[in-house]
Amino acid sequence: MGASQTRSEHKHQHLADETGFSLEQVKNLHKRFQQLSGNEETIRELLDSVPALANNPIRKQIIEAFFDKRNQHHDEVGTCEEIGFEQFLMVMSHFRPPTLKTTVEEKEAMRREKLRFLFNMHDTDNDGTITLAEYRKVVEELLSKSGDIGQEAAKAIADAAMLEVASTNVPHMAPEDFYEGITFEHFEQILKGLEMETRMHIRFLDVGTTTMACGKSTS
Amino acid sequence: MCEPRAARRSAAGPPLTGFVCVLLLVCVSVASASLDTAEDPHHPTNSTGLKKAFPVLALNYDYVRKPFEIALWILLALLMKLGFHIIPRVSNVVPESCLLIGVGLLVGGIIRAIREEAPVLNTELFFLYLLPPIILDAGYFLPIRAFTENMGTILVFAVVGTLWNAFFIGGMIFGVCQIEGAQLAGVDLLSCLLFGTIVSAVDPVAVLAVFEEIHINELLYILVFGESLLNDAVTVVLYHLFEEFSHAGTVTVADAFLGIACFFVVSLGGIMVGAIYGLLGAFTSRFTSHTRVIEPLFVFLYSYMAYLSAEVFHLSGIMSLIACGVTMRPYVEANVSHKSYTTIKYFMKMWSSVSETLIFIFLGVSTVAGPHAWNWTFVILTVVLCLVSRVLGVIGLTYIINKFRIVKLTKKDQFIMAYGGLRGAIAFSLGFLLTDDNEMKSMFLTAIITVIFFTVIVQGMTIRPLVELLAVKRKNESKGSINEEIHTQFLDHLLTGIEDVCGHYGHHHWKDKLNRFNKTYVKRWLIAGERSTEPQLISFYNKMEMKQAMMLVESGSAARPPTHASSVSMQNIQPRESARGRAIPSISKSREQEIRKVLRGHLQNTRQRLRSYSRHDLLVDPFEDHVSEVRFRKQRVEMERRMSHYLTVPANRQETPAVRKVCFEPEHRVYTYDDGESPRGRAAQPRPGPADGVSLVSESPPGLGARGPDQEQEVQEEKEEQEEQDQLKLSRCLSDPGPNHNKEEEE
């Protein structure tokens, strides 16, 4: 018992160093992971274990993001069948907030990482650009839970958004030119104003409080 | 009453001299009126036999005295404001509030010199008439997202910070007064604490006035401003508490607990009252579709009633007003017409602007007029203590708060927060409210005024260079971007989802729950018609389209270039496949060119005919309704779009004689077109407006006849292509995202 505990401690420490979480946070997330996986080693199915996700219009994209190899920083592509705790933690590490000690360059890198995560969520065929069809899909999914306004509104909105990206990034295009899709640089440019590093984060519990957290998973 | 100083203002113009003449006339009439009343008694004795002549011109100033004076004051205040903005050098250095206080001082001095009675900023005038518009404006346009995200921080600063300030200042002053000597020994602890309460509250009016001009980033703005709004509850409770007990003499522990209970009642009660009125207002706006004209009035009246109702019960009127505005806004905006929305916005801004101006001027006037008792020690002490306690409070509280915040507050943020804690007219009015049997009242008032002057003038003037020196992040003035909106919503859902996966109920989880509750239950009751089910993204999109359409119409009529000087249009985005997957057989390029030439030939004739036609009728245009113009353009553009789907080479425009453009001078463009080079290499020049005007010019006048017919055709073709893109852009902006257009695309 003692030996396996210290082994997992070591592993947790290693993971903490790698992802930037604190040891406490890693432990909490590990507890949560075990809940989700039913005490197995890997998770195969997220939707059943997290019923609250059913109300989320973009649940499919969120779940896919967990199984997406591109978010693992290993330069692989494709999807996994199942994820282990390390992969789970890796995905979660995208949502860490900046601290007081984060330098400007680190903030830039953090922003880029978060934007990359978002980009991967949109760019489903991994060709490096978000095409009009993919963007339309994104808007459709966003509006899916909000009643049947229909496909046309989503299409119009996606078209307008694409036009905006094109006009901002490539202002002078000939009528015959075709704007292939939003590249990562254009994506960064268009979302510059949102300051991702301060927006895209959630609070990870530091202390071992279980009142609001891991205990109550099924809501 | 008269303001002869108006003549001294440097920014005098013809309207002002006219106004001065009116003033002199008024003065003369006042003088003569007093003479008239003196003479009247003589008439009956003289005219026992004679009939009194019918007065052709009579003067009766007393009848209109009160409204006249009020209107005159407001008018002069606004003229002052106008004057400051005409002189750019001054308004860049000195914030407007300081200038207005200066003007007030001047006016007060003049009034005192002529021994007239000056209007004083008495409490009733301030709290019932001058303050509500400012608070309503602030509350209605409060950035909700930033406010709720930082609610914890704001509350801590508002409640704990104000308490700390009040007790620290009150206590220290009492301590020093005890040490000092006989002069100030009469000040007892409760009076000191009362004074501390009055002078410790950060004032929303002053903060708004100064922060508005420095365009600081949203986080800092909402922290300081939110604090100034929410500390009203604390101030109200403490003020009443200490005032009650300064008569009673002693405070017991039970009283302290009652005070705490009172605080909760005051703040939560105020919010509840405001929310109730807000919901009432939203509900009323659901039925106003037939009487659009009175819609704005409902917003104002319900808010004012909320404020007054809260004041009846000694609840926090400011919090009630904020709650009312915040509750009402999303539903009212979904229900009212666009014009009403604009009216609401502008009337609010107008009233709050007038109020603010009047407040600062009256502050200056009251300073000169009011009873003063200057005591060096007391005043200097107050000013220093205010600064010190603010700094200590901010540092201490930030240290605690940063343990709970995710995005921590940096030292720069803390400095701006400490420096931005301005005091203003609320402190003055509360001081004025002190009953006269408080013998220290004059001394208190003097000290309060000094603090106000110090913060507004010194801190207000220096904050802008400091902000620039410290390179504090400024507000990023980004126009509404559909991409940002999409991704903001996407992020909301994403973060909620991740929180669910993590298993903890965080900020996003509750926000999501509230949104869903709002959508399923509340919106159905409060929003009329089918807009109740409209998702936020679509309303945002519609609003943006409307804005862009209006901008284009305006820019067209004013001959200003449209803001996106970009040559990208829908053609560049639409995937080519949709053009090819058509049932119509594709035509070869040469054939298309032929078709185009034929069409163009016909059009040229029409256009030449049109030219003379439209030149004579240009005068008719200004009376054309913008809306019908937009409709015409839409129709024309639709036709072009349909044509463009059948031809892969950009098509010609169809000229419809009905569409004429209001007279303006389009830029005359002449350029050569070489077959080999692409004209699009040059920078996209801003188009001067819809194609019509350009077409008038594109018939190159005979002077340029040196060019061969071929070249001319190319030039025109190119112009048309440019216009075509313009039209397509226009069509995108003007067309509703309805089913018809896209169906035709796909057919």
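Residues numbered from 1 in each chain as written. Chains lettered and ligands numbered in written order. Predicted model: local features only at pLDDT ≥ 70, side-chain atom pairs only at ≥ 80, totals over all residues. Heavy atoms only, no water.

Undergrad: Just checking my understanding: could you explain the overall build of chain A for this structure?
TA: Each helix and strand counted, chain A has 9 helices and 2 strands in total. When the helices and strands of chain A are read in sequence order from the N terminus, they spell out α-α-α-α-α-β-α-α-β-α-α. Residues counted as buried form 49% of the 219 residues belonging to chain A. Contacts in chain A between residues far apart in sequence, at least 24 positions, make up 58% of those at least 6 positions apart. Carbon together with sulfur atoms contributes 49% to the accessible area of chain A, which is approximately 10700 Å² in total. (Helix = DSSP H or I, 4+ residues; strand = E, 2+ residues; numbered from the N terminus. Buried < 20%, exposed > 50% of the residue type's maximum accessible area, 1.4 Å probe, protein only. Contact = heavy atoms within 4.5 Å. Areas by Shrake-Rupley, 256 points an atom, 1.4 Å probe, with all protein chains shown as cover.)

Undergrad: Any chance you could explain the overall build of chain B here in plain terms?
TA: Each helix and strand counted, chain B has 29 helices and 0 strands in total. The buried share among the 747 residues of chain B stands at 50%. For chain B, contacts bridging at least 24 residues in sequence account for 83% of all contacts bridging at least 6. Summed over all atoms, the accessible surface of chain B reaches about 36800 Å², with 65% contributed by carbon and sulfur.

Undergrad: Sorry if this is basic, but what is going on with the nonpolar core here?
TA: One broad trend across soluble globular proteins is that nonpolar side chains are buried collectively. The biggest cluster of nonpolar side chains holds 131 residues, and the ones touching the most others in it are Phe-126, Leu-131, Ile-173 and Phe-211 of chain B. Counting residues per element, this core draws most heavily on helix H11 (residues 218–248) of chain B, at 15 residues. The residues contacting Leu-131 of chain B, other than those within four sequence positions of it, are Phe-126, Val-205, Tyr-307, Ile-318 and Ile-426 of chain B. Ranked by size, the runner-up nonpolar core spans 72 residues in total, among them Val-50, Phe-95 and Met-196 of chain A together with Ile-486 of chain B. (Core = buried A, V, L, I, M, F, W, Y, C linked by side-chain atoms within 4.5 Å.)

Undergrad: What should I look at first to understand the packing of helix H13 (residues 295–312) of chain B against helix H15 (residues 338–369) of chain B in this one?
TA: A packed helix pair is summarised by two numbers, namely the angle formed by the two axes and the spacing between the axes. All names here are of chain B. It is at 8 Å that the axes of H13 and H15 come closest, and there the two elements cross at 45 degrees. The angle between the axes of H13 and H15 places the two elements in the oblique class. Between H13 and H15 the crossing geometry is right-handed. The residues of H15 that touch H13, namely those facing Glu-295, Pro-296, Val-299 and Phe-300, are Ser-340, Thr-343, Ile-344, Phe-347, Met-348 and Trp-351. Across the contact of H13 with H15, the residue classes tally to 7 nonpolar, 2 polar and 1 charged. (Axes fitted to C-alpha atoms, helices over the stretch in contact; angles between N-to-C directions. Parallel < 35°, antiparallel > 145°, perpendicular 65-115°, else oblique. Left-handed = near helix turned anticlockwise from the far one by under 90°. Nonpolar A, V, L, I, M, F, W, Y, C, P; charged D, E, K, R; others polar.)

Undergrad: What am I meant to see in the packing of helix H5 (residues 96–113) of chain B against H15 of chain B here?
TA: Residues and elements named next belong to chain B. In contact at an axis separation of 7 Å, H5 and H15 are set at 40 degrees when each is read in the N-to-C sense. The angle between the axes of H5 and H15 places the two elements in the oblique class. Crossing hand, H5 versus H15: right-handed. Seen from H5, the contacting residues are Ser-97, Leu-100, Ile-101, Val-103, Gly-104, Leu-105, Val-107, Gly-108, Gly-109 and Arg-112; seen from H15, they are Thr-357, Phe-360, Ile-361, Leu-363, Gly-364, Val-365, Thr-367, Val-368 and Ala-369. Split into classes, the residues belonging to the contact of H5 with H15 amount to 11 nonpolar, 7 polar and 1 charged.

Undergrad: Can you walk me through the side chain of Asp-413 of chain B in this structure?
TA: Examined against the element boundaries, Asp-413 of chain B turns out to sit in helix H17 (residues 411–419). Look at Asp-413 of chain B: it is buried, it has no salt bridge, and the nearest opposite charge is Arg-405 of chain B at 7.1 Å. (Lys, Arg positive; Asp, Glu negative; His and termini not counted. Salt bridge = Lys/Arg side-chain N within 4 Å of Asp/Glu carboxyl O.)

Undergrad: Even after reading the chapter, I still don't get the packing of aromatic side chains, so can you show me in this structure?
TA: Two measures describe an aromatic ring pair: the distance that separates the ring centres and the angle between the ring planes. Using the criterion set out here, one finds 27 aromatic pairs over all chains in the structure. Here the aromatic rings of Phe-126 of chain B and Phe-127 of chain B are separated by 5.1 Å at their centres, their planes lie at 75 degrees, and the arrangement is edge-to-face. Here the two residues Phe-126 of chain B and Phe-127 of chain B agree in accessibility, since each one is buried. Each residue in the set Phe-33, Phe-66, Phe-85 and Phe-88 of chain A is aromatic and connected to the rest through ring pairs, giving one cluster. Over the aromatic face of Phe-21 of chain A sits the side chain of Arg-96 of chain A, whose NZ or CZ is 6.0 Å from the ring centroid. (Phe/Tyr/Trp six-rings, centres within 6.5 Å; stacked < 30°, edge-to-face > 60°. Lys NZ or Arg CZ within 6 Å of the ring centre and 35° of its normal.)

Undergrad: Can you walk me through the state of the cysteines in this structure?
TA: A covalent bond between the sulfur atoms of two cysteines is referred to as a disulfide. All names here are of chain B. For the coordinates displayed, the defined rule picks out 0 disulfides over all chains. Lacking any disulfide linkage, Cys-177 is separated from the closest cysteine sulfur, that of Cys-192, by 4.8 Å. The buried category is assigned to Cys-177, whose relative accessible area is 1%. (Disulfide = S-S within 2.5 Å.)

Undergrad: Looking at this structure, how should I read the confidence of the model for chain B?
TA: Where the model shows low pLDDT, its predicted coordinates should not be examined in detail. All names here are of chain B. Averaged over every residue, the pLDDT of chain B is 73; the share at 70 or more is 66%. Across residues 1–15, where pLDDT falls below 50, the model places 24 contacts with residues more than four positions away in sequence or in other chains. Low pLDDT, under 50, characterises residues 733–747; the predicted model gives this stretch 28 contacts beyond four residues in sequence or across chains. Per the prediction output, this complex has pTM 0.71; the corresponding ipTM is 0.90. (pLDDT = per-residue confidence, 0-100.)

Undergrad: Help me out: how do you make sense of the confidence of the model for chain A in this one?
TA: Residues and elements named next belong to chain A. Chain-level pLDDT for chain A is 78 on average; 89% of the residues reach the 70-or-more range. Across chain A, the element-wise mean pLDDT spans from 77 in helix H1 (residues 2–19) up to 87 in helix H5 (residues 104–122). Between residues 208–219, whose pLDDT stays under 50, and residues either more than four places distant or in other chains, the model counts 21 contacts.

Undergrad: Would you mind going over a nonpolar patch on the surface with me for this structure?
TA: All names here are of chain B. Taken together, Trp-164, Trp-374, Trp-376, Ile-380, Val-384, Leu-387, Val-388 and Leu-392 make up a surface patch of nonpolar side chains, about 780 Å² in accessible area. Top element by residues in the nonpolar patch is helix H16 (residues 376–401). It accounts for 6 residues. Within the secondary structure layout, Trp-374 lies in the loop between H15 and H16. (Patch = residues over 30% accessible without salt bridge, like charges linked within 9 Å, V, L, I, M, F, W, Y side chains within 5 Å.)

Undergrad: I tried to follow the pattern of salt bridges on my own but got confused; where do I start?
TA: A side chain of one charge can pair with a side chain of the opposite charge if their charged atoms are brought near each other. Residue and element names in this part refer to chain B. With the rule as written, the count across this model stands at 20 salt bridges over all chains. Linking Glu-227 and Arg-390 is a salt bridge whose minimum nitrogen-to-oxygen distance equals 2.9 Å. On the criterion of sequence distance, the pair formed by Glu-227 in helix H11 and Arg-390 in helix H16 is long-range, its members being 163 residues apart. Here Glu-227 and Arg-390 have matching classes, each one buried. In this structure, Glu-333 and Arg-329 form a salt bridge, with 3.0 Å as the shortest nitrogen-oxygen distance. Of this pair, Glu-333 and Arg-329 are both found in helix H14 (residues 317–335), 4 residues apart, which corresponds to roughly one turn of the helix. For Arg-329, a relative accessible area of 21% gives the class partly exposed.

Undergrad: Could you clarify how one ought to interpret unusual backbone geometry in this entry?
TA: Outside of glycine, negative phi angles account for most residues, and trans bonds account for most peptide bonds. Although it is not a glycine, Asn-126 of chain A sits at a positive phi angle of roughly 55 degrees. Secondary-structure assignment places Asn-126 of chain A in the loop between H5 and strand E1 (129–130). A positive phi is found at Ala-471 of chain B, a non-glycine position, where the angle reads about 55 degrees.

Undergrad: Hey, could you run me through the environment of Lys-145 of chain A in this one?
TA: Residues and elements named next belong to chain A. Inspection of the secondary structure assignment puts Lys-145 in the loop between helix H6 (132–142) and helix H7 (151–169). Expressed as a C-alpha distance, the spacing of Lys-145 and Pro-57, which sit 88 residues apart in the sequence, is 5.4 Å. Setting aside chain neighbours within four positions, we find Lys-145 in contact with Ala-54, Asn-55, Asn-56, Pro-57 and Arg-59.

Undergrad: I'm lost on helix H3 (residues 61–86) of chain B in this one. Help?
TA: Given 3.6 residues per helical turn, the α-helix brings residues three or four places apart onto the same face. Pro-67 of chain B marks where H3 of chain B bends most, by close to 40 degrees. Within H3 of chain B, the full set of buried residues consists of Tyr-61, Leu-72, Trp-73, Leu-76, Ala-77, Met-80, Lys-81, Gly-83 and Phe-84 of chain B. (Bend = angle between axes of the 7 residues up to and from the residue.)

Undergrad: For this particular structure, what's the right way to read the side chain of Ser-389 of chain B?
TA: All names here are of chain B. In this fold, Ser-389 is placed in helix H16. You can call Ser-389 buried: its relative accessible area is 0%. Here the side chain of Ser-389 touches Cys-386 through a polar contact of 3.3 Å, landing on its backbone oxygen. In contact with Ser-389, other than residues within four places in its own chain, are Trp-164, Asn-165, Phe-168 and Ile-169. (Polar contact = N/O pair within 3.5 Å; in protein donor to acceptor, adjacent residues only side chain to side chain.)

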